[in-house]
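Listed below are the residues making up each chain.
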Amino acid sequence: MRKAILLYNPQSGQRRKQRAAEVEGALRVFREAGVEASMAETRGAAETGAQARQAIEQGCDTVFACGGDGTIHDVLQALVGSDAALGIIPLGTANSLAHDLGLPLRPEDAARAALKAKHWRIAVGRIEYADLNGQPSSRYFTVAVGIGVDAHLFYKLNPSVKRHLGMTAYCARATWLWLTHPLEKFAVKIGKEDTARHVEVSQLLAVRIRDFGGVLRELAPGASLDRDDLRFVLFRTRSRLAYLQYVVRGLLGAKWSVPGVELVSENRVVCSSMSTLPESRIYVEADGELLGTLPAQITMVSDAVTLLGGE
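Residues numbered from 1 in each chain as written. Predicted model: local features only at pLDDT ≥ 70, side-chain atom pairs only at ≥ 80, totals over all residues. Heavy atoms only, no water.

Details of the packing of aromatic side chains
Argument step 1. Per the stated rule, a full pass over the model turns up four aromatic pairs.
Argument step 2. Between Tyr155 and Tyr283, the ring centres sit 4.2 Å apart and the planes meet at 15 degrees, which makes this aromatic pair stacked. Of this pair, Tyr155 sits in helix H6 (residues 149–156) while Tyr283 sits in strand S14 (residues 283–286), and the two are 128 residues apart along the sequence.
Argument step 3. The exposure class assigned to Tyr155 is partly exposed, which follows from its relative accessible area of 39%.
Argument step 4. Residue Tyr283 is classed as buried on the basis of its relative accessible area, which comes to 6%.
Argument step 5. Considering the side-chain rings of Phe235 and Tyr243, the 4.5 Å spacing of their centres and the 25 degrees angle between planes classify their relative orientation as stacked.
Argument step 6. Three or more aromatic residues joined by ring pairs make a cluster, and in this case those are Phe235, Tyr243 and Tyr246. (Phe/Tyr/Trp six-rings, centres within 6.5 Å; stacked < 30°, edge-to-face > 60°. Helix = DSSP H or I, 4+ residues; strand = E, 2+ residues; numbered from the N terminus. Buried < 20%, exposed > 50% of the residue type's maximum accessible area, 1.4 Å probe, protein only.)

Right, here's the structure in full:
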C-alpha cells in the first residue's frame, strides 16, 4: 500500500458526530506507516463510485470504505475489474462483511490490521434488476442479495430509523412489518438455461459470506468468499413459523433443516413476478441497500476485486 483514500459515510452508524474523528485516527495510522493517505466524505450512493474511480485515476492503489456494508457496496461498484484494493474501516451498524473477515471494529485497529493484511482476489455477485422507476439496472455485491419480504422491509423502513434507534429497535420494527406482510410467491429459475430448475418461493437469499455476526450469524451454511458460486436460500413456503425456525437455527448455530427451506449452490438464478397487478411489486435489495424490483437475474463475476482480508 503506497497511496490510499479513506471514503467515509458521515451518516453511517449511530455516532455521526464522531465519524470524522474516527477516520482521522485511522488516517494517522496510515501516515505514520509511510502511506500517502487522504480522506473525504462520500457524497451519496450515486456519487461514491465516481469518487472512488477518480481516486484510482489519481494513483490510489487502495480505496477504504469507512462505514457499513452500504458504504462498501457503493465503493465496490468502482473497483470491480480494477487493480486497486478494497479496504474496510468498519463504522456501520451491522458491519457484516467486517465480521466475516474478522476485522477489528475500532477504526485505528482496523487500519493497523490493513497494513499487514493479505491482498485477496475474490469473485463478487452481480444482480440485474428493474430500478424503482422501472428501468434496467445492475449492481455488484459482496455480502448478499435478498428478494422478497426482507427487501420489502427496506422499502418500508427509512434507513434513519436504524441510525437513530439502533439495531435492536430497528429489528423490532422490522419484525412487526414482517408479521403483517403478505408473503407473496414469485418464480425462480435456477442454473443454466438448458438445464434450469423451476421453483416458486416467497423469499430468496443469495449469500456470499459465512458469518454475518450478531443474531444472524451463519445465515447460509456453506457460503464463503473463497468460493466462486453463491449459496442460495430458497423459502419455498409461506409459513412464518418456518422463517422463524430458520432464523433461530442460525442464532443457535444449529444444523437442523427447516421444512420448506432449501439451500442450493449455483452461479445463476432468474427471478420473475407471478402477478400482473402493478401494485404487486417484489422488491430487491443488495448488501442491505434497496435497489428496485423484479425481474432480476443474479450471476457471479470471477476474479473481480482485490480485498484486504485477514492477517
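What follows picks up the thread again.
Observations concerning the environment of Ala111
Argument step 1. Relative to the elements of secondary structure, Ala111 occurs in helix H5 (residues 107–115).
Argument step 2. Classification of Ala111 as buried rests on a relative accessible area of 0%.
Argument step 3. C-alpha separation for the pair Ala111 and Gly125, spaced 14 residues apart in sequence, amounts to 26 Å.
Argument step 4. Once residues lying within four places of it in the same chain are set aside, the contact partners of Ala111 are Ala26, Val29, Phe30 and Ile89. (Contact = heavy atoms within 4.5 Å.)

Quick look at the layout of surface pockets
Argument step 1. The calculated volume of the second largest pocket comes to roughly 160 Å³.
Argument step 2. The wall of the second largest pocket is formed by 13 residues, among which His152, His181, Glu184, Arg281 and Ile282 lie closest to the centre.
Argument step 3. For the lining of the second largest pocket, the class distribution of residues is five nonpolar, five polar and three charged. (1 Å grid on protein atoms, 1.4 Å probe; cavity = no way out; pocket = protein on both sides within 12 Å on 5 of 7 lines; lining within 4 Å. Points joined across faces, edges and corners; volume = space filled by probe spheres on them. Nonpolar A, V, L, I, M, F, W, Y, C, P; charged D, E, K, R; others polar.)

Remarks on the pattern of salt bridges
Argument step 1. One pass over the structure, following the stated rule, counts 16 salt bridges.
Argument step 2. The shortest N-O distance in the salt bridge between Arg112 and Asp109 comes to 3.0 Å. Taken together, the residues Arg112 and Asp109, both in helix H5 and three residues apart, mark about one turn of the helix.
Argument step 3. Of the residues examined, Asp109 reaches a relative accessible area of 27% and is grouped as partly exposed.
Argument step 4. Across the pair Arg227 and Asp229 runs a salt bridge whose closest N-O atoms are separated by 2.8 Å.
Argument step 5. By relative accessible area, Asp229 is classed as buried at 17%.
Argument step 6. One salt-bridge network, in which partners are shared between bridges, spans Arg28, Arg106, Glu108, Asp109 and Arg112. (Salt bridge = Lys/Arg side-chain N within 4 Å of Asp/Glu carboxyl O.)

Considerations on the packing of helix H2 (residues 45–57) against helix H3 (residues 69–79)
Argument step 1. The geometry of H2 relative to H3 is characterised by a closest axis approach of 8 Å and an angle of 45 degrees between their N-to-C directions. In terms of their interaxial angle, H2 and H3 are classed as oblique. Between H2 and H3 lies a crossing whose hand is right-handed. Residues Ala45, Thr48, Gly49, Ala52, Arg53 and Ile56 of H2 touch H3, and the partners they reach there are Asp74, Val75, Gln77, Ala78 and Leu79. (Axes fitted to C-alpha atoms, helices over the stretch in contact; angles between N-to-C directions. Parallel < 35°, antiparallel > 145°, perpendicular 65-115°, else oblique. Left-handed = near helix turned anticlockwise from the far one by under 90°.)

Some words on empty space enclosed by the protein
Argument step 1. Within this structure, the stated rule accounts for one cavity of 30 Å³ or more.
Argument step 2. In this structure, the largest cavity encloses a volume near 50 Å³.
Argument step 3. In this structure, the largest cavity is lined by Phe64, Gly87, Ile88, Leu103, Ala110, Ala114, Ala117, Leu308 and Gly309.
Argument step 4. Where the lining of the largest cavity is concerned, the elements lending two or more residues are strand S4 (85–90) and H5.
Argument step 5. Across the lining of the largest cavity, the residue classes break down as seven nonpolar, two polar and no charged.

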